[in-house]
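Listed below are the residues making up each chain.
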Amino acid sequence: MSSAPLFPPTLREVMLRGRWIGMLLFCLLVAGVFAWLGQWQLERAIETDPPEPGATEQVQQLDEVVVPGQYLPEPLVGQRVETSGTWVPGDFLVVSQRYNDGVEGYWVTGQLRVAERTSIAVAIGWAPDRESADAAIDELNGDDGGTVEIAGRIISDEGPVPPPHDQPDRMNRMSTAALLSVWHDTDQLDVYRPYLAATEASAGLVDIDSPAPNEMSPVNWLNVFYAAEWAIFAGFAFYLWYRLAKDAWEREVEEFEDAAAASA
């Protein structure tokens with residue numbers, strides 16, 4: 001007849017059992033995955049080749065910065081560019097709720113055909129009231145349609161929004177998609193997703209207030225935060241193993257003490 005053990009198992013003895021060694025190996029695997037994810041986030045948190053200070057103020061050719069149909073990379077938002085083309089008659093449109101030096105007004109926009117079947121939306125200038133904007137459109141439509149040189153900042157599309165119910169033709173966002181829906185001669189047309197805010201206005205309009213963008217930090221703190229989270233998850237995997245093993249040990253000790261009390 002075998003006798004009961006005189007002493008309960010120690011925590012170390014429980015942790016060294018095959019079941020808990022296997023659980024530790026699994027937790028090591030999980031922690032390794034979390035550590036790899038943390039390293040991946042950290043690598044993307046630090047820009048190893050950030051743009052030089054003032055890079056956005058160096059004028060480049062439009063087609064060297066972005067190509068039709070593609071989104072504008074964040075470091076290039078506000079980049080000064082230049083291009084040439086011809087205005088498409090009848091496609092000068094007004095965008096409302098535009099501010100210059102804190103004053104609300106209107107932008108006059110146009111479709112600039114920069115190649116045979118390629119266009120970009122251009123914010124030509126600012127007007128303080130709708131009457132001035134409409135007068136500028138009449139002047140632009142009356143031009144001879146020759147080639148124009150345009151310089152300005154390339155800005156990301158603002159995205160379309162539904163117009164007010166009582167003004168179905170009103171546009172409150174500088175959206176290439178919204179402008180494209182009312183432009184002429186758009187069959188098989190390649191269009192730039194961002195728009196160009198002209199530096200110098202024409203047709204009696206006011207120059208658009210478009211200051212240089214703020215310099216970007218080479219560190220993405222959101223990614224740093226995510227990397228720290230993955231490190232915490234990796235540590236939690238080990239804590240989970242320890243907590244489960246300790247719970248099992250505490251149950252065995254309690255059972256041992258109950259059995260000892262019952263046999264006394």
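Each remark here, short or long, concerns the structure printed above.
Thresholds applied
- Residues take numbers from 1 onward in each chain, read along the sequence in its written order.
- Two thresholds apply to this predicted model, a pLDDT of at least 70 for residue-level local features and 80 or more for giving and counting side-chain atom pairs, whereas whole-chain, interface and lining totals are computed over all residues.
- Water and hydrogen atoms play no part in the side-chain values, which are based on all heavy atoms of the structure.
- Secondary structure elements follow DSSP: runs of H or I no shorter than four residues count as helices, runs of E no shorter than two count as strands, and numbering proceeds from the N terminus.
- Here the globule rule reads 2.2 Å times residues to the power 0.38, and the radius of gyration is calculated from C-alpha atoms.
- Throughout this description, buried means an accessible area under 20% of the type-specific maximum (1.4 Å probe, protein chains only), exposed means over 50%, and partly exposed covers the range between.
- Two residues qualify as a contact provided that any one of their heavy atoms is within 4.5 Å of a heavy atom in the partner residue.
- Only the protein chains shown count as cover for residues, with accessible areas throughout obtained via the Shrake-Rupley method and a probe of 1.4 Å.
- Only four residue types enter the tally: Lys and Arg on the positive side, Asp and Glu on the negative side; His and the chain ends are excluded.
- Charge coordinates come from a single atom per side chain, which is NZ of Lys, CZ of Arg, CG of Asp or CD of Glu.
- Residues qualify for a patch when their relative accessible area is over 30% and they have no salt bridge, like charges being joined within 9 Å and the nonpolar side chains of Val, Leu, Ile, Met, Phe, Trp and Tyr within 5 Å.
- Salt bridges are defined by distance alone: a side-chain nitrogen of Lys or Arg within 4 Å of a carboxyl oxygen of Asp or Glu.
- Grouping buried Ala, Val, Leu, Ile, Met, Phe, Trp, Tyr and Cys residues that are joined through side-chain atoms within 4.5 Å yields what is termed a nonpolar core.
- Helix span, expected: 1.5 Å multiplied by one less than the number of residues in the helix.
- The rule is short: rings of Phe, Tyr and Trp, with Trp giving its six-membered ring, pair when the centres are within 6.5 Å, and they are stacked under 30 degrees, edge-to-face over 60, tilted in between.
- We count a charge as sitting over a ring when the NZ of a lysine or the CZ of an arginine lies within 6 Å of the ring centre and within 35 degrees of the ring normal.
- Whenever two N or O atoms come within 3.5 Å, that pair is a polar contact, provided that in protein one can donate a hydrogen and the other can accept it, and provided that, for residues adjacent in sequence, both atoms are side-chain atoms.
- DSSP bridges decide pairing: two strands pair if at least two such bridges lie between them.

1. Focus on the overall build of the protein chain
Of regular secondary structure, the protein chain possesses 6 helices and 8 strands. Going from the N terminus to the C terminus, the protein chain shows its helices and strands as α-α-β-α-β-β-β-β-α-β-α-β-β-α. Relative to the compact-globule value of 18 Å for 264 residues, the protein chain shows a C-alpha radius of gyration of 33 Å, a clear excess of over 25%. When its C-alpha atoms are laid out on the principal axes, the protein chain stretches across 115 × 45 × 40 Å. Per-residue burial for the protein chain yields a buried fraction of 33% across its 264 residues. Taking the intrachain contacts of the protein chain between residues at least 6 apart in sequence as the baseline, contacts between residues at least 24 apart amount to 71%. For the protein chain, the accessible surface area stands at approximately 16100 Å², while carbon and sulfur atoms represent 56% of it. Separation of charge centres in the protein chain, based on 16 positive and 41 negative side chains, amounts to 13 Å.

2. Observations concerning a nonpolar patch on the surface
The grouping of L16, I21, L25, L28 and F238 at the surface amounts to a nonpolar patch, some 440 Å² of accessible area in total. The element contributing the most residues to the nonpolar patch is helix α2 (residues 18-45), with 3 residues. Relative to the helices and strands, L28 resides in helix α2.

3. A word on the nonpolar core
In this structure, V108, I120, V122 and I124 are the most contacted members of the largest nonpolar core, which totals 26 residues. Looking at this core, the elements with two or more residues in it are α3 (62-65), β2 (80-87), β4 (103-115), β5 (118-127), α4 (130-141), β6 (148-155) and β8 (195-198). Of all hydrophobic cores here, the second largest spans 17 residues; its members include V95, A121, W183 and L189.

4. Things to note about the pattern of salt bridges
Here the structure, examined in full by the defined rule, presents 9 salt bridges. Between E57 and R153 there is a salt bridge; the shortest N-O distance is 2.8 Å. Of the two residues, E57 sits in the loop between α2 and β1 (60-61) while R153 sits in strand β6, which places them 96 residues apart along the sequence. Here E57 falls in the partly exposed class, since its relative accessible area comes to 30%. Using a relative accessible area of 8% as the deciding quantity, one classes R153 as buried. The shortest N-O distance in the salt bridge between D185 and R113 comes to 3.4 Å.

5. Some points on the side chain of T109
Considering the arrangement of structural elements, one finds T109 in strand β4. If we ignore the near neighbours within four places in the chain, the residues touching T109 are D91, F92, L93, V95, V122, A123, I124, M174 and L179.

6. A few points about α2
For α2, built from 28 residues, the straight-helix expectation of 40 Å at 1.5 Å per residue is met to within 8% by its first-to-last C-alpha distance of 40 Å. Of the surrounding elements, those touching the buried residues of α2 are α1 (11-15) and α6 (221-263).

7. Focus on the packing of aromatic side chains
Enumeration over the complete set of coordinates arrives at 7 aromatic pairs. Between the aromatic rings of F34 and W230, the centroid separation amounts to 5.4 Å while the plane-to-plane angle is 35 degrees, which identifies the pairing as tilted. Here W230 lies in helix α6 and F34 lies in helix α2, a separation of 196 residues in the sequence. Note on F34: relative accessible area 22%, which makes it partly exposed. According to the relative accessible area criterion, W230 is partly exposed, its value standing at 23%. Here a set of aromatic residues connected by ring pairs shows up, and it is made of F34, W230 and F233. Above the ring of W107, the side-chain terminus of R98 is found at 4.9 Å from the ring centroid. A cation over a ring is seen here: R193 above Y71, with NZ or CZ 4.2 Å from the ring centre.

8. Here's the deal with the side chain of R153
Within the local environment of R153, its side chain forms a polar contact with the backbone oxygen of G78, the two atoms lying 2.9 Å apart. Among the polar contacts made by the side chain of R153, one reaches the main-chain carbonyl oxygen of S210 at a distance of 2.8 Å.

9. Overview of the pairing of β4
Sheet topology note: the β2/β4 ladder contains 2 bridges and is antiparallel. Within the sheet, the bridge partner assigned to W87 lies in β4 and is L112. Pairing of strand β3 (residues 93-100) with β4 involves 6 bridges; the strand directions are antiparallel. By the bridge assignment, R98 is partnered in β4 with G105. As consecutive antiparallel partners, β3 and β4 are separated by 2 residues, and within that stretch D101 has a phi angle of approximately 55 degrees, a positive value. Following β4, the chain reverses through 2 residues before pairing antiparallel with β5.

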